[in-house]
Amino acid sequence: MAQRHYKEALSNPIFRQVSLAAEQLSLECYVIGGFVRDFLLKRGQPVDIDFVAVGSGIDLARKVAASLPGKPKVSVFKNFGTAMIRYEDLQLEFVGARRESYNRDSRKPVVEDGSLEDDQKRRDFTINALALSLNPGNFGQLLDPFSGLEDLAEGIIRTPLEPQTTYSDDPLRMIRAIRFAAQLGFRIERESLNAIGAQHERIRIVSRERIVEELHKILMTDTPSVGLGLLHQTGLLAEFLPELVALQGIQEIEGQRHKDNFWHTLEVVDNISRHTDDLWLRWAALLHDIGKAPTKRFDPKLGWTFHNHELVGSRMVYRLFKRLRLPLNEKMKYVQKLVLMSSRPIVLANDFVTDSAVRRLVFDAGEDVEDLMTLCEADITTKNPKKQQRYLQNFALVREKMAEVEERDRIRNFQPPVSGETIMDTFGLKPSPQIGIIKEAIKEAILEGVIPNEAAAARTFMLGKGRELGLTPVENPADPKT
Ligand code: CTP
């Protein structure tokens, strides 16, 4: 086969630098993996560059670092035989070429030194095994023993070795196959797909963190349903997101059917992905209906019901996040909140849209009200054009009212217009439950539209409420102004 050279891929001076260091150590050295693949696909700016040395990758990294301005630090991962340098905005990773065989029950490799081709063989996919030479004799030459270039051109995810071997070496590659297929719009070659289906259970030996990292990349693709659908089809999804898989299926009783909430969810995630790149909002879309599996009932009068599924679903979020080692911080609370509130706008839009209902929605959702609306609009998956039209119109009306009400009453970051201190001073009270009662009554009056969200109106209302409770204002309150 004709030799191909891609010197233009190596125009960054760092490559000459690495080449020189390798020469000084009398090592062969190559660029490999994602950098080469993405260069050939003309895909984005590289962040990571992987170098493979026939010999010690760690020695090479040290030599390279010593030759760079500022002598950047080398992070050495002795157990893996790898080293990393951060240089400018790049992450340079070095590894020695290996012939690896893996222990079947963990992914701890038993490493032996090997040739470039030995190393390429043990990589995940042919498109990730492409290497460019940094050696003086053939600088820029493509080394492609597994026809990765052809697979790149045809859009195929294929393993260099028998799929069983490649996936068994590191089961995370099963998810990576799907992630690359989803990101690049490639198809997974049939034997590979079958092998994933056959050994999906081996994903259990992979850490949650690594799984989640790949899952996030799938969630961040333009059409996440492609990757999520493949995860489901191969049995992988059930291994780490059984709550979602439990939504699949349509049941029929007495001629009444409910929709398939799994495929509906995937459609919602695709819809929302057209409007947001926020990972956590995409998570909220993915989980917004998980409470529907445990709450599903058939009522002879009402048909299928999912009573309280939002509350049940939002409670499930914690356990799911904990299990997947996702952060249990404000991101989780945000997802819980959106799941909990996910039906609010639609209930509102189904009804006559009143100002007070809109005020309550804005009050409860606070800063997240826009995201909630985005989620609810994405939730419209009806194929009935008339219904779709009606929902969208009602949501538009909700948004219009939200803007009006917000301008008038500033509910989004609601701060009580009369403080507890003022109430105490006005009526000469010590801390007592009456203060809470008056504060709550003022808030309710504002949300109901009885009074505007203004200090003067709130003060008058407070005096009235105080009278109702049998309180009298004192003569000279400490702070008569607020
Ligand atoms: N690799 C592998 N098996 C894995 C992970 C990685 O064989 N489970 C190899 C592949 O050759 C891959 C390279 O290591 O190209 C670098 O891995 P990584 O940085 O995770 O992926 P990239 O291919 O660089 O792609 P991306 O940046 O999109 O993650």
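Anything mentioned here points back to the structure above.
None of these values were measured; they are calculated from a predicted model.

*Asks:* What should I look at first to understand the overall build of the protein in this one?
*Replies:* Within the protein, the secondary structure is distributed over 24 helices and 15 strands. Relative to the globule expectation of 23 Å for 482 residues, the C-alpha radius of gyration of the protein, 30 Å, shows a markedly less compact shape. Its C-alpha atoms give the protein principal-axis dimensions of roughly 95 × 65 × 40 Å. Across the 482 residues in the protein, those meeting the buried criterion constitute 52%. Sequence-distant contacts, at least 24 apart, represent 67% of the contacts inside the protein between residues at least 6 apart. Here the protein holds 66 positive side-chain charges and 68 negative ones, and the gap between their average locations is 2 Å.

*Asks:* Teacher, can you tell me more about the packing of aromatic side chains here?
*Replies:* The geometry of two aromatic rings is summed up by the distance between their centres and the angle between their planes. For the structure shown, the criterion picks out 11 aromatic pairs. With centroids separated by 5.2 Å and ring planes inclined at 45 degrees, the aromatic side chains of phenylalanine 15 and phenylalanine 35 adopt a geometry described as tilted. Taken as a pair, phenylalanine 15 in helix H1 (residues 13–24) and phenylalanine 35 in helix H2 (residues 34–40) lie far apart in primary sequence, 20 residues in all. The two residues phenylalanine 15 and phenylalanine 35 agree in class, both being buried. Ring geometry for tryptophan 280 and phenylalanine 321: centres 6.0 Å apart, planes at 45 degrees, overall tilted. Linking tryptophan 280 in helix H14 (residues 279–287) with phenylalanine 321 in helix H16 (residues 309–323), this pair joins segments that are 41 residues apart in sequence. Side by side, tryptophan 280 and phenylalanine 321 carry an identical accessibility label, which is buried. Three or more aromatic residues link up through ring pairs in this structure, and these residues are Phe15, Phe35, Phe51 and Phe94. Positioned over the ring face of tryptophan 304 is lysine 296, at 5.3 Å from the centre of the ring.

*Asks:* In this structure, what is going on with the site of the ligand? I would like to understand it.
*Replies:* Taken together, 14 residues sit near the ligand, with Arg37, Asp124, Asp170, Arg173 and Arg179 positioned nearest. For the ligand, a nitrogen atom lies 3.0 Å from a polar atom in the side chain of arginine 173. Those elements that provide at least two residues to the shell around the ligand are H2, strand E2 (48–54) and helix H7 (172–184). Ranked by residue count, the leading element in the shell around the ligand is H7, at 4 residues.

*Asks:* How do you make sense of the environment of leucine 60 when you look at a structure like this?
*Replies:* In this fold, leucine 60 is placed in helix H3 (residues 57–67). Overall, the relative accessible area of 0% leaves leucine 60 in the buried class. Sequence separation between leucine 60 and valine 268 is 208 residues, and the spatial gap between their C-alpha atoms is 49 Å. With sequence-adjacent residues up to four places away left out, leucine 60 is seen in contact with Val18, Ala21, Ala22, Leu25, Leu27, Cys29, Ala53 and Phe94.

*Asks:* I tried to follow the sheet that holds strand E8 (residues 131–133) on my own but got confused; where do I start?
*Replies:* Two modes of strand pairing occur in sheets, parallel and antiparallel, and in both the strands are linked by backbone hydrogen bonds. Within the open sheet, the 7 strands sit side by side as E3-E4-E5-E2-E1-E8-E9. Their pairing is mixed. Looking at strand neighbours, the two that pair on one side only are strand E3 (74–77) and strand E9 (142–143), the edges of this open sheet. Pairing analysis gives 6 bridges linking strand E4 (residues 82–87) to strand E5 (residues 90–96), with the strands arranged antiparallel. The residue bridging tyrosine 87 from the neighbouring strand is leucine 90, located in E5.

*Asks:* What's the story with the pairing of E4 in this structure? I'm lost.
*Replies:* Side-chain direction in a regular strand flips from residue to residue, so the side chains alternate between the two faces of the sheet. Along E4, 5 of the 6 residues are buried, which leaves the element largely enclosed by surrounding structure. When E3 meets E4, the two strands line up antiparallel, connected through 4 bridges. The residue bridging phenylalanine 77 from the neighbouring strand is threonine 82, located in E4. The loop that links E3 with its antiparallel partner E4 comprises 4 residues; one of these, glycine 81, has a positive phi angle of about 65 degrees. Connecting E4 to the next strand, E5, in antiparallel fashion are 2 residues, including glutamate 88 with a positive phi near 50 degrees.

*Asks:* Explain the pattern of salt bridges here, please?
*Replies:* Should their charged atoms come close, side chains of opposite charge can pair. Scanning the entire structure with this criterion turns up 27 salt bridges. In this structure, arginine 360 and glutamate 444 form a salt bridge, with 2.5 Å as the shortest nitrogen-oxygen distance. Here arginine 360 is found in helix H19 (residues 355–365), whereas its partner glutamate 444 is found in helix H23 (residues 433–448), with 84 residues between them in sequence. Classification of glutamate 444 by relative accessible area gives partly exposed; the value is 28%. Connected through shared salt-bridge partners, Asp124, Arg176, Arg179 and Glu214 make up one network.

*Asks:* What is the right way to look at helix H24 (residues 455–468) in this model?
*Replies:* Because each turn of an α-helix spans 3.6 residues, side chains separated by three or four positions end up pointing in the same direction. Taking 1.5 Å of rise per residue, 14 residues should cover 20 Å, and H24 covers 20 Å from first to last C-alpha, within 8% of that figure. All of the buried residues in H24 are Ala457, Ala458, Arg459, Met462, Lys465 and Gly466. Packed against the buried residues of H24 are helix H22 (420–427) and H23. Where H24 terminates, the next one or two residues include glycine 470, which has phi positive at roughly 80 degrees.

Reading the values: the criteria
Residues numbered from 1 in each chain as written. Predicted model: local features only at pLDDT ≥ 70, side-chain atom pairs only at ≥ 80, totals over all residues. Heavy atoms only, no water. Helix = DSSP H or I, 4+ residues; strand = E, 2+ residues; numbered from the N terminus. Rg over C-alpha atoms; globule rule 2.2 N^0.38 Å. Buried < 20%, exposed > 50% of the residue type's maximum accessible area, 1.4 Å probe, protein only. Contact = heavy atoms within 4.5 Å. Lys, Arg positive; Asp, Glu negative; His and termini not counted. Charge placed at Lys NZ, Arg CZ, Asp CG, Glu CD. Phe/Tyr/Trp six-rings, centres within 6.5 Å; stacked < 30°, edge-to-face > 60°. Lys NZ or Arg CZ within 6 Å of the ring centre and 35° of its normal. Near = heavy atom within 4 Å. Polar contact = N/O pair within 3.5 Å; in protein donor to acceptor, adjacent residues only side chain to side chain. Pairing = 2+ DSSP bridges. Salt bridge = Lys/Arg side-chain N within 4 Å of Asp/Glu carboxyl O. Expected span 1.5 Å × (residues − 1).

Interpretation note: all reported values are geometric properties and have no functional meaning in isolation.
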